[in-house]
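Now for the letters of each chain:
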Amino acid sequence: MRSRLGTLLVLSLAVLLFVSASHSRETKQGQVRFQQAISEGEFLSDIAELDPGLLDLYQSTAVDTYCIVWYDFESMDWQEWTRYDDTAQPDTFFHVDDFAGLSGYAPIQGTKSMWCGTRPDTLDFYLCGWQSAPGYGNNWRQFLITVPLVNVTRISYSGRFDSEKNYDYTYVECQDGDSWKNLATYDSVSVVTTEHVIAIARLGTKLRFRFVSDDAWSDQDGLHDSDGAAIIDDITIYDSEGPIDHEDFEDWEVGETSHAGSVWYASVPEAYGMYSGLHPNLAADNDPCNYNFGTQIVFFLGSPDPSPTYPGLYTTPFCRMYGDSPEDWLCQRERVISPIIDLTKYSIHEDENQDADIPSEDLSDLGGTILKYTIYQDLPLSNLVFPKWDIRNISESGCPGQWDSRYMITYYMYMQQGYVNSAYEIGSLIDSDRIQVSLSCIDMCSQWYNSYGDCAEHTPSPWYDNVRLYRYTLRGPQWSYRWLDLFQDNFPEDEYDLESWVRADAANDLNANDNPVIRPGDSIVVDCTSPLAGALRMGGATGDEEVYCHVRVTDIGGLGKPALFGSDLVGTYGTYVSDDGEWTVIQCPTALMGGVNLVEDKYMVDLNDELFTRGYMVEYYFKAYDLDNESSTLPKYADEGQYFEFTCLPTGKSAVLFVDDFHGRGTFEGNVETYWNPTFAAVIPPENQPDRYDVNSPSSLVANGPGSRAKLNQLRRNEGTSSGYTIIVWDSGNLTSGTITDGSTLSDKSDDATMLINWLDQSENDVGLFVCGD
C-alpha cells in the first residue's frame, strides 16, 4: 500500500506538472510525447505479476479445476519427498578415452587422451535425460590431480578446452601450502600446447587440472554444445634437472580414472552435505498472527550458527572456504524432491494421496497447470541465499528430464519478510503425464560474492509448506516469458544527433556483472508449447513452428514520421510473412543460445534497428497455433488491445520523464503505472503526457535502468529545443534494492545516480526530480 507521503507528493507534483506542460507549449514545443512469484495476498491484481491470465483462474469457479495433490508434511511426515545435495558429484568424469564411435572426437596424440566429459547413456539415471551428450554437465566440479611431488619447476601439456565462455572454466593449478595457485584458465574453445613455470620448489607440491561449471548452459540442458570440458595429453613435469614424469595415457585402459605407476589420478571434491529437514512451530516467536505452527521444510538442521534474531533456530550454513577466491568456496545447494506425481490422477480429499482418475472427457481439456506453495522468507539480497522451484518430466521408461523453471535464480529475490503464498503457471514446462517438483535453498556466494552482496548475515529462511498442484481447463498454445527478455525503452545511439537510430534491444545485459561493459541482447525471446496438442503446428513462411510476432510502429511524438511496416522491419532473426499497412507479421525461429545452439520451445525475433528514431513507439504481441488448430496470444488479451511496447526517446512531446521502476509488477502494466496514469491525465493535457521509461524486471538487476541507455544531451532541455526534460518522476514501488543504482558491482551496472546528478547539475533550465516509493 502506498504511503501517505506518496499521496502528498502526488498532490504537490500535480501543480508543478501542470505549470511545466503550459510552459512547454509557450516555448513552441508543439505537438509532441514519450516473472516472479504471484502473491495470493492483499490484492487479486498481484497474481498477474507473472501472467496476467492467471487473474481469470483465481476469479473463476473451481468446477473445471482438479487438485492433483497437496503435501502439508503433517505431522513431521515427508510424504515420500526426498532430499538431494546438488554439490554431490554424480560421478568422476575425468577419465581416459579413445573416443571410438564419437563423431568429431579424437585423441590429441596417439590412441588415447584424458577427457573431462561423458558419452551418452540412455540406461543411466543421470545421463538418460541429457539434451546433447556427449559433453559436460551442470554443476560439475572435477579434478585431475597428482600425488605429492618434489621440487617441481615446470609443467608442459597439450589440451583442447571447450566450455561456456565467462562462466565455466578449466583451471591449471599448483599447490602452495594449504591453497592453490592458478597457472592458467581456459574457457570457450582453446587449443594449446604450452608450459608454465612453477615458482614453488618444495617437498609435497601437487599439480591439478580443475573444471568447474555453473548450473546452466551445458550439454546436459542443451544450451551449450561442447566436446566435453577438456581433453588433455602429453603432460611433462620437470624439476631443476629436467623431466621427472611424462604421461601420454597410452598404457591406461579406456575408462580408467587412475593407473598403477602414474602420478596422475581423477577425483571429485567432497559434497557440502544436507541440512534440510522438517520442523514444527517455526512461527511461534516470529509471527504475531500465529500463521503457521505446523510442520515446514527447512534447510538449517545441523547448522553450527545459532540465529541472533530467531531464538532457538539456526541460520542456513555459510560457505566453506578452501582458498582466497570465492571460486574455491563450497556453498549450500540443496533441494527436496517430491515423489513422482501422476497428472492423470487427482486427490479426492486434497492431500498427498492421488486416489482417483481424472475422467477422460475432462483430461483432454486440462491444458493449464498451477504449482502453489507457501514460503516463509527473510532473505536480504546481500546474503545471496535464494529459494527456487523446479519441475522435471519423467518419461514412460522412467528417465528424468532436466530440472527447469524457465527462470534464472535472480528471479527469486524475495525481499519482504514474512509468509508468501506463491503460484506459478507451469503448463508450458510439462510434456509428460508424470512429473516431479523440487524446492531448493541455494547459496550463490561462491559465484556472486561482491557482485550482488557480501554473504555476511544468513537467516533461518527459506522454509516451505503446503505444496500443491492443480490442473484446469485451458486449450491452445501456452506461453511463458521474462520481462528482461523483451524489448527495453531506449535512446538514440548518438548523444548529439537526436535523429540517429534507436536500437531495438532486449532489457537483459549479456555480460557478467563484474564486466563493466553493458551489452544488451539484440533479439527477444519467449517460450511457447502446447501440452494438449503435443506440439505446435508447422507451416507459415518457413514451414517451421507457427509462432508469429505482430509488430506495429507508429509516431507518437507528433513529428510527422510515417508508420513503419513491411519486410524492412525484420532484423537478423525472423521471416517476413505479411502486413496490412499497419501490423507486420514475422515468423519467429527457434531461439539460439549463445548465437549457436537451438533451444527447444524458445522462439526469438529481432527488429531492424536502423529504422527506428525518436518519437516511434513499437507495439508487439505474439500468436501461435498448435496441432489441434487452436491459437493463443501473448499477452493473453492482445485481441483487446493489450500489447507489449517500447518507445524511442525522447519523443519531444513532454518536458516530463516518468521512470517506471516497478514495471510489470502487480498488473500487466505494473501497479506504479496504474497509480500514476490517472494523476498525469488529471493535470497534464493529453497531447503533453509524460514520456515513460519502463525498467523491465526491475528487481533482477540486469543493468537496464535509464543510466544504461540515456545520455546527458538527450535528457537536458536546452533553451529553444523541444526535447529533453525539466522534470523526472522516478517511482520504484516497494522495491528495496536495485532502484536508483550507482553502477557498482553491489548495485547494478546502470549508473542511474551519476546520470541524475549530471542532469540536475548541467541543465540550463530549473529542473526537478521526484523520487517516490515505499
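Residues numbered from 1 in each chain as written. Predicted model: local features only at pLDDT ≥ 70, side-chain atom pairs only at ≥ 80, totals over all residues. Heavy atoms only, no water.

A. Structural context of the overall build of the chain. Counting its regular elements, the chain contains seven helices and 45 strands. When burial is assessed residue by residue, the chain has 58% of its 774 residues classed as buried. As presented, the chain carries roughly 30,600 Å² of accessible surface, and 49% of it is formed by carbon and sulfur atoms. (Helix = DSSP H or I, 4+ residues; strand = E, 2+ residues; numbered from the N terminus. Buried < 20%, exposed > 50% of the residue type's maximum accessible area, 1.4 Å probe, protein only. Areas by Shrake-Rupley, 256 points an atom, 1.4 Å probe, with all protein chains shown as cover.)

B. Expanded view of the side chain of Asp97. Looking at the secondary structure, you find Asp97 in strand 4 (residues 94-97). At 2.8 Å, the side chain of Asp97 forms a polar contact with the side chain of Arg119. Ignoring any residue separated from it by four or fewer positions in sequence, one finds Asp97 in contact with Thr111, Lys112, Ser113, Trp115, Arg119 and Val254. (Polar contact = N/O pair within 3.5 Å; in protein donor to acceptor, adjacent residues only side chain to side chain. Contact = heavy atoms within 4.5 Å.)

C. Main features of the sheet that holds strand 13 (residues 207-212). The strand order across the open sheet built from five strands is 10-9-13-6-16, with neighbouring strands paired in antiparallel fashion. On the outer flanks of this sheet lie strand 10 (179-186) and strand 16 (264-267), each paired with one strand and no other. Averaged over all pairs of adjacent strands, the angle between their axes in this sheet comes to 25 degrees, without regard to strand direction. Across five bridges, the pairing between strand 6 (residues 141-146) and strand 13 is antiparallel. For Arg141, the partnering residue across the bridge sits in strand 13 and is Val212. (Pairing = 2+ DSSP bridges. Axes fitted to C-alpha atoms, helices over the stretch in contact; angles between N-to-C directions.)

D. Summary view of unusual backbone geometry. With an omega of 5 degrees, the peptide bond between Ala133 and Pro134 qualifies as cis. Residue Pro650 follows Leu649 across a cis peptide bond; omega there is -10 degrees. Looking at the secondary structure, you find Pro650 in the loop between strand 41 (644-647) and strand 42 (656-660). One non-glycine residue, Asp234, lies in the positive phi region at around 55 degrees. Secondary-structure assignment places Asp234 in strand 14 (residues 230-239). Its relative accessible area of 25% is what places Asp234 among the partly exposed residues. Located in the positive-phi region is Ser697, a residue other than glycine, with phi close to 50 degrees. Assignment of secondary structure puts Ser697 in the loop between strand 43 (691-694) and helix 6 (712-715).

E. Representation of the state of the cysteines within the structure. For the structure shown, the criterion picks out three disulfides. The side chain of Cys445 participates in a disulfide bridge whose partner is Cys455; the two sulfur atoms lie 2.1 Å from each other. What sets the handedness of the Cys445 and Cys455 disulfide is the S-S torsion sign, and at about 105 degrees it is right-handed. Taken together, the residues span a long stretch of sequence, with Cys445 in helix 4 (residues 445-448) and Cys455 in the loop between helix 4 and strand 29 (463-472) at a distance of ten residues. As far as the burial class goes, Cys445 and Cys455 line up, both buried. When the bonded cysteines of the chain are numbered from the N-terminus onward, they pair as 1-4, 2-3, 5-6. (Disulfide = S-S within 2.5 Å.)

F. Examining the sheet that holds strand 44 (residues 727-731) more closely. With parallel pairing, the four strands of this open sheet are ordered in space as 43-42-44-45. Looking along the sheet, the strands with just one partner apiece sit at the ends: strand 43 and strand 45 (768-772). Sheet twist, expressed as the average angle between the axes of neighbouring strands with direction ignored, equals 15 degrees. Pairing between strand 42 and strand 44: five bridges, direction parallel. Bridging across to strand 44, Asp660 finds its partner in Asp731. Contacts from helix 5 (residues 671-683) reach strand 42, strand 43, strand 44 and strand 45, with the element oriented near 160 degrees to strand 42. Across the sheet, helix 7 (residues 752-762) touches strand 44 and strand 45, and the angle it forms with strand 44 is around 155 degrees.

G. Representation of helix 7. Among all positions in helix 7, only Asp752, Met755, Leu756 and Trp759 are buried. End-on view of helix 7: buried residues confined to an arc of 95 degrees, all on one side of the axis. Turned more than 90 degrees away from the buried face of helix 7 sit Ile757 and Asp761, all of them exposed. Where the residues of helix 7 are buried, they touch helix 6, strand 44 and strand 45. (Arc of directions from axis to C-beta.)

H. Summary view of the pattern of salt bridges. A full pass over the atoms with the stated rule returns 28 salt bridges. Close ionic contact of Arg335 with Asp86 constitutes a salt bridge, the shortest N to O distance being 3.0 Å. You can see Arg335 sitting in strand 21 (residues 333-337) and its partner Asp86 sitting in the loop between strand 3 (82-85) and strand 4, a full 249 residues away along the chain. Accessibility classification places Arg335 together with Asp86 in one group, the buried group. Here Arg210 ties to Asp328 by a salt bridge, and the two come within 3.2 Å at their closest N and O atoms. Here Arg210 is found in strand 13, whereas its partner Asp328 is found in the loop between strand 19 (320-321) and strand 20 (329-330), with 118 residues between them in sequence. Asp328 carries the same exposure label as Arg210, and that label is buried. Ionic contacts of the salt-bridge type, sharing partners, join the residues Asp86, Arg335, Lys388 and Asp390 into one network. (Salt bridge = Lys/Arg side-chain N within 4 Å of Asp/Glu carboxyl O.)

I. Region of interest: the pairing of strand 39 (residues 616-625). Within strand 39, eight of the ten residues are buried, which leaves it mostly tucked inside the rest of the structure. With nine bridges joining them, strand 34 (residues 547-555) and strand 39 adopt antiparallel strand pairing. By the bridge assignment, Arg552 is partnered in strand 39 with Glu619. Bridge analysis of strand 39 against strand 41 gives four bridges, and the strand direction is antiparallel. Following the sheet pairing, Tyr620 is matched in strand 41 by Phe644. Relative to strand 40 (residues 631-634), strand 39 runs antiparallel, the two being bridged by four bridges. For Ala624, the partnering residue across the bridge sits in strand 40 and is Ser632.

J. Examining the environment of Tyr576 more closely. Mapped onto the elements, Tyr576 comes out in strand 35 (residues 575-579). Tyr576 gets classed as partly exposed once you look at its relative accessible area, which sits at 31%. Separated by ten residues in sequence, Tyr576 and Ile586 have C-alpha atoms that sit 4.7 Å apart. The residues touching Tyr576, leaving out its near neighbours within four places in the chain, are Ala541, Gly566, Ser567, Val570, Thr584 and Val585. A polar contact of 2.5 Å, which involves the side chain of Tyr576, links it to the side chain of Asp579.

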